[in-house]
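The primary structure of each chain is shown beneath.
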Amino acid sequence: NKIAQIDHFRSQCEESISNAFIQPNALEIIRKDLGYNKYYLCKKFKATFGVTLLNYVNGLKLNQACYLLKTTHYTLSEICEQIGIESMPYFIKIFTQRYGVTPAKYRKNNQ
């Protein structure tokens, strides 16, 4: 039945994502793990979760970044490495878009 198929896909995705999201090539690892081609996976994921796979994975990366900003003294560069984002400007851009402040200001406000 269709609901069981959707639930199965959702649980497969959640498991694969939780295992891979902090890797720099997380999307590729997830795609290979699930065995779908890129376009089919992205379309099916958005239909099931209501957001793109990239936004979902980046959300998890940013949640982890917030935790690290609050609980460690890691530099922004070290945090990028920890969450699997290889470009500091990209990290700062998506963090600021999501939270309305830069990572440095977020850390200052949450200490």
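In this report, we go over the structure that sits alongside the text.

Thresholds applied
Residues numbered from 1 in each chain as written. Predicted model: local features only at pLDDT ≥ 70, side-chain atom pairs only at ≥ 80, totals over all residues. Heavy atoms only, no water. Salt bridge = Lys/Arg side-chain N within 4 Å of Asp/Glu carboxyl O. Helix = DSSP H or I, 4+ residues; strand = E, 2+ residues; numbered from the N terminus. Buried < 20%, exposed > 50% of the residue type's maximum accessible area, 1.4 Å probe, protein only.

A few words on the pattern of salt bridges. The final tally for this structure, using the stated rule, is two salt bridges. Linking glutamate 28 and arginine 31 is a salt bridge whose minimum nitrogen-to-oxygen distance equals 2.7 Å. Here arginine 31 and glutamate 28 lie together in helix 2 (residues 26-34), a separation of three residues that amounts to about one turn. Of the charged contacts in the structure, one is a salt bridge between glutamate 28 and lysine 32, with a shortest N-O distance of 4.0 Å. You can see glutamate 28 and its partner lysine 32 sitting in helix 2, four residues apart, about one turn around the helix. For glutamate 28, a relative accessible area of 34% corresponds to the partly exposed category. The exposed category is assigned to lysine 32, whose relative accessible area is 58%. Within this structure, Glu28, Arg31 and Lys32 form a network of salt bridges that share partners.

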